[in-house]
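# Architecture at a glance
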Amino acid sequence: MADILHHYGISLSWTGNLGQGTPSYREYAREYDISGEHGKFLKGSADPKFLGKKECWNPEELLIASLSACHQLWYLHLCAEAGVSVLQYRDQAKGIMSEKEGRFVEMTLQPHSVISKESDESLAISLHRLAHEKCYIANSTNIKIKINARVELAS
């Protein structure tokens, strides 16, 4: 089977020039705009601990969000194929970044889904492992990823 390659691209534009460029570490802003196809737009900055704006998305949050979203999309796909009807899905994903190591050392997904009464609860739980194995973002990192999934039957 031939490999199918998917190409993705974004445009990033730094908007943090306060008039002098980057004369020193504290004399420029960290804000940037990200735009994608079809008019998608995102305001970004550094983490506030690194002089960024708290109301903007930072790269660390975007990485965690990408992992969480990819897992969710695979999970919903697998559930649909397996006859598990997911009625609700949410996640409270977290990550731990080590400045000393210069990388994320751990991420934890905490997906919570509500499935129909007719669905198989144990199958629904087991599909999280397969979703993790198939997740393109998880497969593209060497970060330790924990999955603490919770599934409940609709009342």
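What you see is a predicted model; the values in this text were computed from it and never measured.

### Structural notes on the pattern of salt bridges
One pass over the structure, following the stated rule, counts 6 salt bridges. Here E152 and R150 are joined by a salt bridge, their closest N and O atoms 3.3 Å apart. Note on R150: relative accessible area 49%, which makes it partly exposed.

### A closer look at the domain arrangement of the protein chain
Splitting the protein chain by domain gives domain 1 (10-50) and domain 2 (59-153). At the junction of the two partners, domain 1 supplies 6 residues and domain 2 supplies 5 residues. Carbon and sulfur atoms supply 69% of the area buried between domain 1 and domain 2, which totals about 350 Å² over both sides. At the surface where domain 1 touches domain 2, the tally comes to 0 salt bridges. Among the residues making up the side of domain 1 that touches domain 2, the classes are represented as 4 nonpolar, 1 polar and 1 charged.

Parameters and conventions
- Residues numbered from 1 in each chain as written.
- Predicted model: local features only at pLDDT ≥ 70, side-chain atom pairs only at ≥ 80, totals over all residues.
- Heavy atoms only, no water.
- Salt bridge = Lys/Arg side-chain N within 4 Å of Asp/Glu carboxyl O.
- Buried < 20%, exposed > 50% of the residue type's maximum accessible area, 1.4 Å probe, protein only.
- Domains from an automatic or database assignment.
- Contact = heavy atoms within 4.5 Å.
- Buried area = accessible area lost by both parts, 1.4 Å probe.
- Nonpolar A, V, L, I, M, F, W, Y, C, P; charged D, E, K, R; others polar.

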